[in-house]
Amino acid sequence: MQPQLSEQRAERLAVQLAERASMALIDEARLTPKPGLVDGRGSGAHQDLTLALMELSARSLQPTFHALALHSWQRPADIALRQRVGQLGRAGEAQMMAATNGVNTHRGAIWALGLLVSAVAMLDGEATAEAVCRTAAALASLPDDRAPRSFSKGLRATQRYRVPGAREEAQQAFPHIRQLALPQLRRSRAAGATEEQARLDALMAIMTSLSDTCVLSRSGLTGLQAMQQGAQRVLDHGGCGTLPGRQALARLDAEMLSMNASPGGAADLLAATLFLDGICLLTH
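Anyway, here's the lowdown on the structure attached to this text.

### Quick look at the overall build of the protein chain
- Tallying secondary structure elements over the protein chain gives 13 helices and 0 strands in all.
- Helices (α) and strands (β) of the protein chain occur, in sequence order from the N terminus, as α-α-α-α-α-α-α-α-α-α-α-α-α.
- Computed over the C-alpha atoms, the radius of gyration of the protein chain is 18 Å, within 12% of the 19 Å expected from 2.2 N^0.38 for a compact globule of 284 residues.
- Projected onto its principal axes, the C-alpha coordinates of the protein chain cover approximately 60 × 45 × 30 Å.
- By element, 52% of the accessible surface of the protein chain is carried by carbon and sulfur atoms, the whole surface being about 12600 Å².
- Here the protein chain contributes 29 positively and 26 negatively charged side chains, and the mean placements of these two sets differ by 4 Å.

Set out below in C-alpha cells:
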C-alpha cells in the first residue's frame, strides 16, 4: 500500500474507532433504568455525577481514543506500544478531569476502552471481538514502567478483599465481556427483547459474577453479594424483556440505592461490550 493511502486508511479507522468508543460511553450512560448508576432518571447513588456530565466526559475522550488508534495502527504488542498507550491514556484522563472540573467520570472506562481501541487498530480493523480481546490482553500484560505508583480506590479494594480488578480483567482477555455480556446481549435480542432490554440484560450478566471494586469500595462484600444475587434474579426471571424480570430489576435498583452502591466497574464493561458489539460494522 502506498504511504499516502496507508496514512489515509489509518486516519479513517482512527476516526471511526474514536467515534464508536465515545458513543459506547454515551449509550451506556443513557441506558435506563440501571441499578445504582447514573441514567436517564437521575444520578443514582452518586452525588457528584449527572447524565449531562457523563456525556460531556465521553465526548472529551474522543481525541484520546483517536490518538490511541492512530498510534496503535498495525503495531505489534510490545513494551514501546504499551508505554505509549499508557502515556496517551493518562493524558486522556487529565483531559477528562479538566472537562469535568475534577470529577472522576470514566477513569476505568479509559483503561478498558483504550486497550480495546488500540487492539482493533493493531489488527487493522479486521478482527472478531474474540481476537480484539486477546490482542488487548497481550498489550495489558506488558509492563508500563512509566506508570505512576498511585493507589486508587479500586486497587485498594482488590487488595483488601483479595479479588481481581480491572487490570486482571484486561489481562485475562475480558472474560466478562466474551463469556457473559456479548452472549447475553445476543440471546436477549434473539428472544425478542428491545435493544434497551437486551443491553440491560448484558449489564446483569456482567454483574452476576464481577468483583466490582466500585461496589466493594462503597458497601463491601455485603453490597457485592447483593449486586451479584440481584442481577442473577433478574436473569432467572427471564431478563428485562419480561415483567418479572423488570420487577426484579426494580428491587435490585432500590437495594443498591439503599446501600449507596454503584456498579461502576460493570458499567465500564458494558460500554466496552457495546463497543465490541459494533466492531463488525468497521469491516464493511
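Having put the structure on the table, let's press on.
### Digging into unusual backbone geometry
- A cis geometry characterises the amide bond from threonine 32 onward to proline 33, with omega recorded as 0 degrees.
- Within the fold, proline 33 resides in the loop between helix 1 (3-30) and helix 2 (51-60).
- Despite not being glycine, asparagine 101 shows a phi value in the positive range, around 60 degrees.
- By the element assignment, asparagine 101 lies in the loop between helix 4 (79-99) and helix 5 (107-122).
- When its relative accessible area of 73% is taken as the criterion, asparagine 101 is described as exposed.
- The backbone of asparagine 260 sits at a positive phi, close to 55 degrees, despite the residue not being glycine.
- Following the sequence through the fold, asparagine 260 ends up in the loop between helix 12 (243-258) and helix 13 (264-277).

### Some points on the packing of helix 11 (residues 213-236) against helix 12
- Where helix 11 meets helix 12, the axes come as close as 8 Å, and the angle between the chain directions of the two elements is 170 degrees. When the axis of helix 11 is compared with that of helix 12, the two are roughly antiparallel. Residues Gly223, Ala226, Met227, Gly230, Ala231, Arg233 and Val234 of helix 11 touch helix 12, and the partners they reach there are Gly245, Ala248, Leu249, Leu252, Glu255 and Met256.
- Taken together, the residues that form the contact of helix 11 with helix 12 break down as 8 nonpolar, 3 polar and 2 charged.

### Topic: the packing of aromatic side chains
- Scanning the model with the defined rule gives 0 aromatic pairs in all.
- Above the ring of tryptophan 111, the side-chain terminus of arginine 167 is found at 5.1 Å from the ring centroid.

### Some remarks on the environment of glycine 40
- Its location among the elements puts glycine 40 in the loop between helix 1 and helix 2.
- Overall, glycine 40 belongs to the exposed group, its relative accessible area being 54%.
- Once the C-alpha coordinates of glycine 40 and leucine 235 are considered, the two residues, 195 residues apart in sequence, prove to be 22 Å apart.
- Beyond its immediate chain neighbours, meaning those up to four positions away, glycine 40 contacts Ala29, Arg30, Thr32 and Leu51.

### Thoughts on the packing of helix 10 (residues 195-207) against helix 12
- At a minimum axis separation of 12 Å, helix 10 and helix 12 run at an interaxial angle of 55 degrees. The angle between helix 10 and helix 12 falls in the class oblique. Where helix 10 crosses over helix 12, the two elements pack in a sense that is left-handed. Each of Gln197, Leu200, Met204 and Met207 in helix 10 lies in contact with helix 12, whose residues at this interface are Arg246, Leu249 and Leu252.
- Counted by class, the contact of helix 10 with helix 12 contains 5 nonpolar, 1 polar and 1 charged residues.

So, how was this worked out
- The residue numbering used here restarts from 1 in each chain and proceeds along that chain's sequence as written.
- Thresholds applied to this predicted model are a pLDDT of at least 70 for local features of residues and 80 or more for the giving and counting of side-chain atom pairs; totals over whole chains, interfaces and linings are not thresholded and use all residues.
- Where side-chain values are given, they derive from all heavy atoms of the structure, hydrogens and water being excluded.
- Strands here are runs of E lasting at least two residues and helices are runs of H or I lasting at least four, both read from the DSSP assignment and numbered beginning at the N terminus.
- Each radius of gyration is computed over the set of C-alpha atoms, and the globule rule expresses the reference value as 2.2 Å times the number of residues to the power 0.38.
- Here the Shrake-Rupley method, with its probe set to 1.4 Å, supplies the accessible areas, and only the displayed protein chains count as covering residues.
- Two residue types count as positive, namely Lys and Arg, and two as negative, namely Asp and Glu; His and chain ends fall outside the count.
- To locate a charge, take atom NZ for lysine, CZ for arginine, CG for aspartate or CD for glutamate.
- In this scheme, a residue with accessible area under 20% of its type's maximum is buried, one over 50% is exposed, and one in between is partly exposed, where area comes from a 1.4 Å probe on protein chains only.
- Lines fitted to C-alpha atoms define the axes here, with helix axes fitted over just the stretch in contact, and angles between the N-to-C directions of these axes take values from 0 to 180 degrees.
- In what follows, roughly perpendicular refers to angles from 65 to 115 degrees, roughly parallel to angles under 35, roughly antiparallel to angles over 145, and oblique to any angle outside these ranges.
- The contact criterion used throughout is that any non-hydrogen atoms of two residues lie within 4.5 Å.
- Nonpolar residues are Ala, Val, Leu, Ile, Met, Phe, Trp, Tyr, Cys and Pro. Charged residues are Asp, Glu, Lys and Arg, and all others, Gly as well, are polar.
- Within 6.5 Å between ring centres, the rings of Phe, Tyr and Trp (the latter by its six-membered ring) count as paired, and their orientation is classed by plane angle as stacked under 30 degrees, edge-to-face over 60, tilted in between.
- A ring has a charge above it when a Lys NZ or an Arg CZ is no more than 6 Å from the ring centre and no more than 35 degrees off the ring normal.
- Here a crossing is taken to be left-handed if its near helix is turned anticlockwise relative to the far helix by less than a right angle, and right-handed if that turn runs clockwise.

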